[in-house]
Amino acid sequence: MNPKLSVIVPIWGVEKYIAKCARSLFESSFDDIEYIFVDDCTPDKSIEVLVAVMEEYPHRKSQSMIIRHEINKGLPQARKTGFEASHGEWITYCDSDDWVAPDMYFKMLEKADWGGHNLVCCDFVYLSDAKELWRPTYDEKSDEGQLRKDLIEGQVSNAVWNKIVKREIYENDFYFPTYSMDEDDVITVQCAYYANRCGYVHECLYYHYDNPDSMTKKSNPERELRKAKEQLENRKWIVSFLESRNDSSLVRALFNYKSSVKSLMLQVDPNPYSFKAIYPEINSQMIFEKGFGLKRKIRNLLLIYFPLLYSLIKR
């Protein structure tokens, strides 16, 4: 019989953190579960540490598998590998430098079963070694229709690790990105779009660690440009996905992602005319949008109508 839940954990460069992550997963109060660890050619001893921790939990060994990539494929493709090897009725992901509350999966699945949901989110803490950095939440008065809308529009955390998703969602024409920046947006937008009932557990059950050793923390001009290019490609994919739905309820989501693509263009292509040229149908809205500050509106005005002046001011 297939397990109720599959937890997919990509592994790369987390030798110092994987033990805490794995112990929190193995100490889950929920038993009908499988753990899929995907070794994305980690260069350190992460897998050796993981195997040692597994020995501490013999009852979890039969529920766990380690899959190794022959070449490094990046986070989203590691998640895809994990999904393709999974058997669970529900799918979730855990970053290998994070940890979970013991009752996280029990409470989220209980919420799903009680409400007939096929996507459930929970609150989380974003923290560093020194302090708690951020504890977002969601309005308890919002209904599940509003939650689905907010997820698609990017108004709620797009992270995949504080969500459980019914396997049937992935049985649509589902796309796992190849670029690692903003890959969670690509997955979450699809999951929310295909979900017909979304639920929320208003408890902090996931602990997201601000890893100082993460690749996203390492910065230089070349790496920043590469990250912006990856973000740009993933967000352009989301725009294409939403446009292909031909759904009038997605107008706001399309504006949000199109405007973010236009802003990313400024980082990737210094030519100010590129800003005006991409998605020109929202140019006027970029100037009068209520949610934009005055400084941003002036910038957009210059880029759209006075690109040469913008270039001179920028210099």
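The text that follows walks through the structure, step by step, so that each part is easy to find. (Residues numbered from 1 in each chain as written. Predicted model: local features only at pLDDT ≥ 70, side-chain atom pairs only at ≥ 80, totals over all residues. Heavy atoms only, no water.)

## Points about helix α12 (residues 294–305)
In step 1: The terminal C-alpha atoms of α12 lie 16 Å apart, and with 12 residues this matches the ideal 16 Å at 1.5 Å per residue to within 8%.
In step 2: Of the positions making up α12, those classed as buried are Asn 300, Leu 302, Leu 303 and Ile 304. (Helix = DSSP H or I, 4+ residues; strand = E, 2+ residues; numbered from the N terminus. Expected span 1.5 Å × (residues − 1). Buried < 20%, exposed > 50% of the residue type's maximum accessible area, 1.4 Å probe, protein only.)

## Quick notes on empty space enclosed by the protein
Left-over empty space is what a probe sized like a water molecule reveals as it rolls over the atoms.
In step 1: Tallied over the full model, the rule gives one cavity of 30 Å³ or more.
In step 2: In this structure, the largest cavity spans a volume of roughly 60 Å³.
In step 3: Around the largest cavity, the lining residues are Ile 91, Tyr 93, Leu 119, Val 160, Lys 163, Val 165, Tyr 170, Ile 187, Thr 188 and Cys 191.
In step 4: For the lining of the largest cavity, the secondary-structure elements that each account for two or more residues are β4 (90–93), β8 (163–166) and α7 (183–194).
In step 5: Examining the composition of the lining of the largest cavity, we find that three residues originate from one element, α7, more than from any other. (1 Å grid on protein atoms, 1.4 Å probe; cavity = no way out; pocket = protein on both sides within 12 Å on 5 of 7 lines; lining within 4 Å. Points joined across faces, edges and corners; volume = space filled by probe spheres on them.)

## Some details on the packing of aromatic side chains
In step 1: Scanning all chains against the criterion turns up 21 aromatic pairs.
In step 2: Between Tyr 170 and Phe 176 the ring centres are 6.0 Å apart and the planes differ by 10°, which places this aromatic pair in the stacked class. Accessibility assignment for this pair places Tyr 170 and Phe 176 in one class, buried.
In step 3: On the numbers, 6.0 Å between centres and 75° between planes, the contact of Tyr 194 with Phe 241 is edge-to-face. Of this pair, Tyr 194 sits in helix α7 while Phe 241 sits in helix α8 (residues 221–245), and the two are 47 residues apart along the sequence. Here the two residues Tyr 194 and Phe 241 agree in accessibility, since each one is buried.
In step 4: Counting every residue linked through ring pairs, the aromatic cluster contains Tyr 175, Tyr 193, Tyr 194, Trp 237 and Phe 241. (Phe/Tyr/Trp six-rings, centres within 6.5 Å; stacked < 30°, edge-to-face > 60°.)

## Description of the pattern of salt bridges
In step 1: Tallied over the full model, the rule gives 22 salt bridges.
In step 2: Between Lys 4 and Asp 113 there is a salt bridge, with the nearest N and O atoms lying 3.4 Å from each other. Here the residue Lys 4 occupies a position in the segment before β1 (5–11), and Asp 113 occupies one in helix α5 (residues 104–115), the gap between them amounting to 109 residues.
In step 3: Take Lys 4: its relative accessible area is 18%, and that puts it in the buried class.
In step 4: The salt bridge involving Arg 226 is made with Glu 230; its shortest N-O contact spans 3.1 Å. With Arg 226 and Glu 230 both in helix α8, this residue pair falls four residues apart, about one helical turn.
In step 5: For Arg 226, a relative accessible area of 38% puts it in the partly exposed group. (Salt bridge = Lys/Arg side-chain N within 4 Å of Asp/Glu carboxyl O.)

Remember that the coordinates give geometry; whether it matters functionally is a separate question.
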